[in-house]
Structures are given as C-alpha cells and as structure tokens.
Amino acid sequence: RLIINEMLPVIERERLADFCDVFCEKGYFTPHESSRILREAKKAGLKLKIHADQLSDSSGAMVAAELKTVSADHLDFISEKSIKALKKAGVIATLLPGPIFHLGLKRYPPARRLIDEGIPVALATDFNPGTSPTLNMQMIISLACTQMHMTPAEAICAATINGAYAIDVGDKIGSIEIGKQADIIMMDMHDYRLIPYYYGMTHCSMAIKKGKIIRS
C-alpha cells in the first residue's frame, strides 16, 4: 500500500525512475503483491522488472511472463514451466552469478537451459553491499563461463548487447554500430576467450565513453 498509494504517485509526478523492480520471494513480496505493484507501476508509466526465483521457486518468473516484464533477474530456482512461459512472453533473463559466489552457495541459474530454449540471457553484477559487493563485470563473465557453462562469446554478448536490451536501451548502446553511443573498452588480450580465463583482474587498457577517451 505504501508503494502503490504514496511512492508511485510521487515517482510519476517527479519522473524519478524509468523502471519498477519487485523482489518476489518467500518472506518478501508474494506473487500477488508483486503483480499488484507492477500493474500500478505500469499505469504510472514505468517499465517493469522483477527479481524472481532467487532463493526458491517463488513463481516470480510466472509473474514476469504474465506481465511481460522487460527482464526477470536471478532465476536460480526457475522451473521448467516458468522457462517455457518466459520464452513465450519474450522476457530477457538477467543472470547474476555474483551473489551465489559471494554467499558461498552452490546453485547457479541454468544458463545453458535458458539459452538452449532460445531465451535471451543478460549478465549483471547485482552490485550491492549485502550479497554482491563487486563492480567487476569481467569477474561476472568468468563465473558465467566456469559455473554456468556459457561460452566466452555467449557471456560477452550477455554482458554487452543483451544487457543493454535488459534495460531497454539496446537501440542506443551495447554494440559497436553506426548511430549508437560510442561506449567502448579495449582489452589487453590477443584473444577474447582469455577475458574470462584470466579471472579476478582488470584487462581494460582503454575506456571510451560517448566517443571520448576517459582512461588510457
């Protein structure tokens, strides 16, 4: 009620956000509550995301499919039924291996199953002080390859163009194309497959933001 009746009207009036994200999990927001919040957020002009099935099969992915959210994040415990529903709804699966690694857990999201089903997979750090205190996307790419059995090409694609589409800006950033914003990093590697191989370190030798060199 606080979110729907008090927060969303202010967010809409002052244009404070682009997305509404709900943590659908046991002990947090139920599927029904998550659906209510997201429906009201959509009325307020916000795009939709959901943190789903991180700690259990919470049916969060089913909510994502029903409302056709831009992405469903985590998905560590996603069911086969939910995988089919996400594919049909065209929802992007944003996978977050950082929290699993940091918390010493064992169950990573089923990246191979999602990819083989044809669901677009994105990668992100889930940077936060509680479960994933890292900003290093290169480490996330390494975890995607070693723990979630993604190929280096799949992981780099997930961290760039698919990640851009997961925040609905794939037409502007995420790949090197004419007409897109020139956000580019140069890696000190002679083969892209070495980026995940040499893990836990920064390989960036040059960073370009909006066409300007900001690190060299």
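The structure reproduced in this document is the subject of the present report.

Our focus in this paragraph is the state of the cysteines. One covalent bond between the sulfur atoms of two cysteine residues makes up a disulfide. Applying the stated rule across the entire model yields zero disulfides. With no disulfide partner, Cys-24 has as its closest neighbouring cysteine sulfur the one in Cys-20, 12 Å distant. Here Cys-157 stays free of any disulfide, with the sulfur of Cys-145 as its closest cysteine sulfur at 12 Å.

Here we come to the layout of surface pockets. Within this model, the largest pocket holds a volume of roughly 1300 Å³. In terms of lining, the largest pocket is formed by 44 residues, of which the most central are Met-137, Ala-159, Thr-160, Asp-183 and Ile-185. Contributing elements (two or more residues each) for the lining of the largest pocket: strand S2 (47-52), strand S5 (121-123), helix H7 (137-148), helix H8 (152-159), helix H9 (161-166), strand S6 (184-187) and strand S7 (204-209). Residue contributions to the lining of the largest pocket peak at four residues, all from S6.

Our next topic: the side chain of His-203. Tracing the backbone through its elements, the reader meets His-203 in the loop between helix H10 (194-197) and S7. The contacts of His-203, once residues within four sequence positions are left out, are Gln-138, Met-186, Met-187, Asp-188, Met-189, Leu-194, Ile-195 and Tyr-198.

Rules used in this analysis
- The residue count restarts for each chain, going from 1 along the sequence in the order it is written.
- pLDDT decides what is reported in this predicted model: residues at 70 or higher carry local features, side-chain atom pairs at 80 or more are listed and counted, and totals for whole chains, interfaces and linings draw on all residues regardless.
- Neither water nor hydrogens contribute to the side-chain values; these are computed over all heavy atoms in the structure.
- Disulfide assignment relies on a single distance test, namely cysteine sulfur atoms paired within 2.5 Å.
- Two kinds of site are reported from a 1 Å grid over the protein atoms alone, namely cavities, where a 1.4 Å probe fits but cannot get out, and pockets, open sets with protein on both sides within 12 Å along at least five of seven lines, and residues are called lining when an atom falls within 4 Å of a point.
- Grid points are joined across faces, edges and corners, and a volume is the space filled by probe spheres set on the points.
- Secondary structure elements are taken from DSSP: a helix is a run of H or I of four residues or more, a strand is a run of E of two residues or more, and numbering for both begins at the N terminus.
- In what follows, a contact means two residues having at least one pair of non-hydrogen atoms within 4.5 Å.

From the geometry alone we can't say anything about function, so treat these as descriptive.
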